[in-house]
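Single-letter residue listing:
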Protein chains: 4
Amino acid sequence: MGHRIAVAGASGYAGGELLRLLAAHPDLDVVAVSAHANAGQRVGDVHPHLRSLADRVFVETTPEALADVDLLFLALPHGASAGLAAQLPPGVKVVDLGSDHRLTDPAAYARYYDGDFAPAWTYGLPELPGQRAAIAAAERVANTGCHAAASILAIAPLLAAGVASPDDVVVTSTSGTSGAGRSPAVRLLGSEVMGDLTAYKVGAHRHAPEIKQATGVRTLTFVPVLAPMPRGILATVALRPVSATGAADVRAVLADAYAGEPFVRVLPEGRQPRTSATTGSNSVQLQAAVDEDSGRILVTSALDNLGKGAAGQAVQLANLMLHLDETAGLPVDGIAP
Amino acid sequence: MGHRIAVAGASGYAGGELLRLLAAHPDLDVVAVSAHANAGQRVGDVHPHLRSLADRVFVETTPEALADVDLLFLALPHGASAGLAAQLPPGVKVVDLGSDHRLTDPAAYARYYDGDFAPAWTYGLPELPGQRAAIAAAERVANTGCHAAASILAIAPLLAAGVASPDDVVVTSTSGTSGAGRSPAVRLLGSEVMGDLTAYKVGAHRHAPEIKQATGVRTLTFVPVLAPMPRGILATVALRPVSATGAADVRAVLADAYAGEPFVRVLPEGRQPRTSATTGSNSVQLQAAVDEDSGRILVTSALDNLGKGAAGQAVQLANLMLHLDETAGLPVDGIAP
Amino acid sequence: MGHRIAVAGASGYAGGELLRLLAAHPDLDVVAVSAHANAGQRVGDVHPHLRSLADRVFVETTPEALADVDLLFLALPHGASAGLAAQLPPGVKVVDLGSDHRLTDPAAYARYYDGDFAPAWTYGLPELPGQRAAIAAAERVANTGCHAAASILAIAPLLAAGVASPDDVVVTSTSGTSGAGRSPAVRLLGSEVMGDLTAYKVGAHRHAPEIKQATGVRTLTFVPVLAPMPRGILATVALRPVSATGAADVRAVLADAYAGEPFVRVLPEGRQPRTSATTGSNSVQLQAAVDEDSGRILVTSALDNLGKGAAGQAVQLANLMLHLDETAGLPVDGIAP
Amino acid sequence: MGHRIAVAGASGYAGGELLRLLAAHPDLDVVAVSAHANAGQRVGDVHPHLRSLADRVFVETTPEALADVDLLFLALPHGASAGLAAQLPPGVKVVDLGSDHRLTDPAAYARYYDGDFAPAWTYGLPELPGQRAAIAAAERVANTGCHAAASILAIAPLLAAGVASPDDVVVTSTSGTSGAGRSPAVRLLGSEVMGDLTAYKVGAHRHAPEIKQATGVRTLTFVPVLAPMPRGILATVALRPVSATGAADVRAVLADAYAGEPFVRVLPEGRQPRTSATTGSNSVQLQAAVDEDSGRILVTSALDNLGKGAAGQAVQLANLMLHLDETAGLPVDGIAP
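Since the structure is predicted, the reported quantities are computational estimates derived from the model, not experimental observations. (Residues numbered from 1 in each chain as written. Chains lettered and ligands numbered in written order. Predicted model: local features only at pLDDT ≥ 70, side-chain atom pairs only at ≥ 80, totals over all residues. Heavy atoms only, no water.)

## Regarding the interface of chain A and chain D
It is common to report an interface's size as the accessible area lost on association of the parts.
Thought 1: Across the contact, 47 residues belong to chain A and 47 residues belong to chain D.
Thought 2: Carbon and sulfur atoms make up 53% of the area that chain A and chain D hide from each other, which totals about 3900 Å².
Thought 3: Salt-bridge contacts for Arg274(A) lead to Asp196(D); the nearest nitrogen and oxygen are separated by 3.0 Å.
Thought 4: Linking chain A to chain D there are 28 residue pairs in polar contact (both at pLDDT 80 or more).
Thought 5: For the side of chain A that touches chain D, the secondary-structure elements that each account for two or more residues are helix 5 (106–112), strand 8 (169–175), helix 8 (190–193), strand 9 (198–199), strand 10 (220–226), strand 11 (233–239), strand 13 (284–290) and strand 14 (297–303) of chain A.
Thought 6: With five residues, the single largest contributor to the side of chain A that touches chain D is strand 10 of chain A. (Contact = heavy atoms within 4.5 Å. Buried area = accessible area lost by both parts, 1.4 Å probe. Salt bridge = Lys/Arg side-chain N within 4 Å of Asp/Glu carboxyl O. Polar contact = N/O pair within 3.5 Å; in protein donor to acceptor, adjacent residues only side chain to side chain. Helix = DSSP H or I, 4+ residues; strand = E, 2+ residues; numbered from the N terminus.)

## Digging into the relation of the copies chain A and chain C
Thought 1: It takes a turn of 180° to lay chain A on chain C, together with a shift of 0.0 Å along the axis; the resulting RMSD is 0.0 Å. These values place the two chain copies in the arrangement generated by a two-fold rotation axis. Judged by C-alpha distance, Gly190(A) is the residue of chain A that lies nearest the rotation axis, at 1.7 Å.
Thought 2: Take the interface residues of chain A: 100% of them recur as interface residues in chain C, which is what a same-surface contact looks like. (Least-squares fit on C-alpha atoms with pLDDT ≥ 70 in both.)

## Thoughts on the pattern of salt bridges
Pairing is possible between side chains of opposite charge, provided their charged atoms come close.
Residue and element names in this part refer to chain A.
Thought 1: The full count for this structure, using the stated rule, is 84 salt bridges over all chains.
Thought 2: Two residues, Asp 167 and Arg 218, come together in a salt bridge whose shortest N-O distance is 3.1 Å. Here Asp 167 is found in the loop between helix 7 (146–160) and strand 8, whereas its partner Arg 218 is found in the loop between helix 9 (207–215) and strand 10, with 51 residues between them in sequence.
Thought 3: Note on Asp 167: relative accessible area 27%, which makes it partly exposed.
Thought 4: The class of Arg 218 is exposed, set by a relative accessible area of 51%. (Buried < 20%, exposed > 50% of the residue type's maximum accessible area, 1.4 Å probe, protein only.)

## Overview of the relation of the copies chain A and chain D
Thought 1: You can overlay chain A on chain D at an RMSD of 0.0 Å; the transform is a turn of 180° with a shift of 0.0 Å along its axis.
Thought 2: A share of 100% of the interface residues of chain A reappears at the interface of chain D, consistent with the copies meeting face to face through the same patch.

## Description of the domain arrangement of chain A
Residues and elements named next belong to chain A.
Thought 1: You can read the domains of chain A as domain 1 (3–143 + 308–321) and domain 2 (146–305).
Thought 2: When each unit is reduced to the centre of its C-alpha atoms, the spacing between domain 1 and domain 2 is 24 Å.
Thought 3: Tallying the contact residues gives 25 residues for domain 1 and 31 residues for domain 2.
Thought 4: Together, Tyr 13, Tyr 112 and Lys 308 form the three largest contributors to the area buried by domain 1 at its contact with domain 2, with a combined 30%.
Thought 5: Where domain 1 touches domain 2, the interface holds three salt bridges.
Thought 6: For the salt bridge of Glu 17 with Arg 231, the shortest nitrogen-to-oxygen distance reads 2.7 Å.
Thought 7: At the boundary of domain 1 and domain 2, one finds 16 residue pairs in polar contact (both at pLDDT 80 or more).
Thought 8: Listing elements by their share of the side of domain 1 that touches domain 2, those giving two or more residues are helix 1 (13–23), helix 5 and helix 11 (307–321).
Thought 9: Considering every element that reaches the side of domain 1 that touches domain 2, the biggest residue donor is helix 11, with six residues.
Thought 10: Considering only residue class, the side of domain 1 that touches domain 2 consists of ten nonpolar, eight polar and seven charged. (Domains from an automatic or database assignment. Nonpolar A, V, L, I, M, F, W, Y, C, P; charged D, E, K, R; others polar.)

## Quick word on the interface of chain A and chain C
Thought 1: Contact residues are listed per partner, giving 19 residues for chain A and 19 residues for chain C.
Thought 2: Surface buried jointly by chain A and chain C totals about 1500 Å² across both partners, of which 62% is contributed by carbon and sulfur atoms.
Thought 3: For the chain A face of the interface with chain C, the top three residues by lost area are Leu189(A), Ser191(A) and Met194(A), together amounting to 39%.
Thought 4: Between the two partners, chain A and chain C, sit two salt bridges.
Thought 5: Here Arg182(A) and Glu192(C) are joined by a salt bridge, their closest N and O atoms 3.1 Å apart.
Thought 6: In this assembly, chain A and chain C are joined by ten residue pairs in polar contact (both at pLDDT 80 or more).

Take a look at the structure:
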C-alpha cells in the first residue's frame, strides 16, 4: 500500500503529466482526481494517452473530495490554490504547481499578479543549497515555474560561486506550447503555432521575480518565446563574468554544483542541450560557453516544461516530503526521437 | 541480478528505443551494445536522451562481443541478421527486429527482398491466437514490422470471426519519420518532411506479404504514407463485410479478441485512435466503424512505430521468452501532449 | 481599374488566403471585407501576414456592405450563404466557398447537413469536362470542398475513360489542420495536433456525396485523417480496374485528361505527389500506380487545402466568371521547404 | 524581354527560393541554372514545388555556362564564390548569397573562416543609410547572412540615433532548419529536429562580425538556436539604453528609420513579430519594448530566412542593381497559416 495521493485540476497538461507519472510510481496511489469543466468525465476521455487510469472519473474540486490523502497536488489556475489549501485538515501535505505561493515579496507579487498576496511556501527546487532538507521538512511546498526552473538551475551556482555577476543577466527562454495551457485560444491552434516563433509578454514576464528571488540576480532581462513543439524549454542565459573566465572553468562550477544530483547533468564539452533529450523525463541538461566576442558567460539549459518544469518536479518534491527515494517513479531518460 | 541482454545495432532509432526500455526494465540487464559506424562512441553521444546509459560504449557487432548473454536483440539492417544468428552458441535466445526471418514463403521473400531467403522464425505477435505460447517456447523470434503490426491487429480478429472477407482489404498506413530510419538522406531532412505528406513504395510495399501471412488476407492493397511527426502509425483499414454488419458488432468482435490483452485496447464508441496517445508506450488503440455509403468495415489502428511497432514489441517478446511477466518494463500510458 | 470584389467571412483561414491572393491579383480590387466576431478590427490584427491589406477594417456581413461589387466571395459557416445570396441585387456574381450550394440531391443533403436544402449552383471545378464553359456563363458558382477536390481530380478521368469501376472506390484523405477551421477548440490546439494523426467522422463524411455527384462513383468509402501540419491534403485513392491494367496506362489516361490544364500535373514516373510542393499555390500533383498484390489502381493526389482546395480554386472560378485569364493571380509554384 | 539572369548553386534551399521568386518576376528571365551534384537533373526532380521551371536542366557550375547574362546570383558553398567571380567577363553583375565577400576586416575573416580572405563587396542591405545608392551603383554585391539581417535591422537605427549603446548587445536568434542547408546530416533529420530546440556554435558564430561591421556594435553576444520549423528567424535583441527610455520612444526611432521602407514594418503596439507572418515574403516585422526589471531595450525581429534573409533580399538587390522597381517580384504578404 502506497501513500494516498490526490490531484486537483488534473485535466490540464501539467495535471495529465502528473497522473502519468503517478500511475507508474511504485509508492504512490492516486485516490482522487478533480477537474472543473471536466468533472464527471472519465480520465480516458480527457487524457486519451492515460490508459492505466482511463476509467477513473474526475470529481469536483472541493476540500471534501480531496482531503482524505497523505499528499495533495494542486494544478489549479492562478489564484485558486490558497483558498483550497486553507480548507484542508492538518496533516495533508500539499505541493502547489501554481504560482500562488512562490513569491516572498508582496510588492513583486502585486506587480505581476492580480488578487491578494498569499504567503510564500517552501520553495520547491531541491537542487538549491539547503533546499532539499527544507522541502523534506515542509508540509506545504511551492513548485517552481517551468521557465524559472530552466533559468535558476543555469544561474544559481555561478552566482553562488562568485563567477558571474548578479547584475544584468539576460535570458531568452523558448518553450513548447503545452506551457501555455490547454484552454482553447486561436493563438494556440495548431494552424497558428506550427511554423511560427513569437515572443510574448516581452518586457514583463511573471517568471522574472521568481528567478531573481531564487538566485540573487539583481537585474534580469527575460524574454519568453513560443516554439512549434508540444514540450520543452531551452533557456539561453548570458551572464557577466566577475573576472575573465573560460568555458572550462564555468563548466567546472556547474559540474561541481550538480555532482551527485540525479536529474541535472552538465554535458561533456562539445555537446549542447537538446530539449528532445529530456522529453517525458525529469532531466535537465546544461552546457556552458564563453562568448569569444563579449566575454559573457553563456549557459544553455534544456528541460521538459511538463517534467522538471512542472509534474516531474512535483513528484520529486512529493518523494522528499513523504521521505521516499527522491528519484522514485521519475525517469531520467527522455523519449526520442 | 536480471537476465543478461545484448543489443546489436543499437545506434538507430529502434535500437535506441530498445535501450531506453531496457534501462528501465526491472529484470533485464544490458551487458553489451553494438553498432557499426558508431562503434567506439559512447551511448550518450549517439542517443543524447539516454542519460542512464550515457557512458556505455558501443562495441563492434561480432558474435564474440554479443554471445555471452541470455537474450540478444538484433536491430540490424536487412540481410545482416541471419549471418550473425548462425554464429551464436546454443542457448542464446534471439529477437530479430529486422525483416530477415518474418516470411515463410521463399517466393514472397524473393519478390520484395534481395539476397538469400532465410527460414522464418516464430512470428512475434503474441496477440495472435496460439502465438503467445509459441513465442514462450521459441529460441528465435522474428519481431513484426511496424506497419504490419498496426494492420494485423486491426484485421486478424475480423477474418478469424468470419465477419470480414479476406479479399480486397485496402489499407492506408501513415507513419512518422523514425520508421524511415536514421541514415542521412535529403528526403528525410526536417526541412523536407515538416509540412509534407507523401506516399512511398506505392504498389509494392514489403509489409504486404507479412500482413497477408499473419492474417489470411488474400488480396491486399497497401499504401504507406510518411507524415511530419517523429513517431506513430495510423492505419485506416477498409474491409468487406461478409454480410451486412454494424459498427457495434465489429467493435464487439475486436473487444472480444483483445479482452484481457494488456496492450491492445478497443476504444469506447465515439473516440478515434490517436497516435499521440501511444507515444513511448507499448499500447495499441483500435476503433471500428461501418461506412454509411459503402457498407465497408473501417478499422482504425494507432500505435507507436518504435513501441508496439518495434522495440516495445521486442521487449514483450523477450519477457515471454524469458518467462517473465509479459508486461514487465512496458508502459501502457503514452506521453502526451 | 480592376473588377470590384468583396469577401464575406474573411477572418477565417480560407478567407485569409483569399485576401492574400486577391491582394496580388492584377485585375481584381478588394473593396470590402466582412467578418462576424472580428467586425471592426483591422485585417492586420486578424491576419498578421497580410501586410498589404493590414489597415483595412472588417465590416459586418450585410448585403448592403457587400453588394456594390462585381463579384462576391462567400467564406461563411455552413448555412449562412443562401440567405445572404438571396438579398444581393442582380448582377452581383457570387462564388460560395461553403457547402450550401454544392449538392443537387436534397436527400443526400439532408443526410449530411442540418437546415433547409438550398438548390445547387454551378459546380466549380473547371477541370471537369464541360464545366469550364458552364462556370464562365454562371452568375452563382459553388466552390468544391477541399477533400472533394483532391479526390475528384484523381477519380473522374478514370471513370470517364472506363478504366476504373464506379463501384467500391476507397479513399483515405489526410489533411492539415487549417481545413478544420480557426474556431478555438481543444482538439485543434497545437499541443494536441503536433505528433498526432487521427481519423475523424469515420463512416460518414460530408465530402462523400460531393465526390460521388461529381465523378459518378457509386459506392465510396471515404476516411478523412488529420495530420500535424497547417496545410495540405494527400488523398490515396484505390479503384478497381475494369480490366487488368498497368500503371503506365492509368497515368496516360490522367495525363491525357489534364493535358493543357494549367494547375493539374501528372508527375513523371517514379515521383510521388508531395503536399509541400503545392503549399501556397493552386497546383495539384497526381501520380498513378497499380498495386502488385491486388491489381487495384492507386492514385495519389496532393494539393493545398487552402489553395486548389479553397481560395485558389475560388479565384480560378472568379477569373472564369469575369472572363479574365483563368490563371491570373494564381501561383503554380509552391513554397518549399 | 527581361534581363538575363543565371543562378549558380540552385539546387539548395536558398537557390530554390531564388528560382521561385525569379520565375514570378516580371522583369527577369532565368536563362541558366547550375548545380554541382545535381548537374544534369531537371529542376522538377530536385525542387518538386517549382512547377513552372520543372523541365529546366541544371548545368555544371562553370563560368562559360553562366557568363552570358546581365546578372548572376551565386548561391554556392563558402569559399566557392571568389574563384568563379574572378572568371566572369566585365559587365556581368553579381549578387553573392554566400559569405565570401561580406567582411571588410581580414582579421575577423580569419577568425571565423578557413581559406584566403577575399575583399569585401558592397554590402547588400538597402535599408542601411546610404546603402541603397551604393548597391544601385555596384557591380558586385554581397547579400546579408540570414541571422545577420534579422539582427542588423533591429539594432542599426537604435545605435545611429544614439538611443542604445554599442556595448554589450545580447542576441538570441532562433532559426528554422532550412538555414542549416540541404546536405544530409543526422542532426538535421526530421526525426531529430521535430520536438527539439538546441543552440549551436555557442560562443563563436560567424554572423557576429557581420552584425558588428554593419551596425557599429562593439561587443556582441550572439547565440543561434535551431527550431523545429522549416523557415523563419526570430531574433530577440537586448540593448542597453543610453539613458532611461520607454518602449514608445524606441518604437518611434525604429518607425522613423523605416518610414517608407517597403519591406520592414514596425508593428503597432501590442503585437509581436511572428515568423509565420513572413513566410515566403520579403517582409520583416519589428517590435520594441523596454524590460521593466532591467531597463534594457528589447527588439524582436522576424523574417523568413529564405526571404529577406537570403533569396528575397538577393532579388531586392538585383532590382536595385538593374535599376528596376525595387519591389518588383517581391511579395510583402506571408503565407499563413
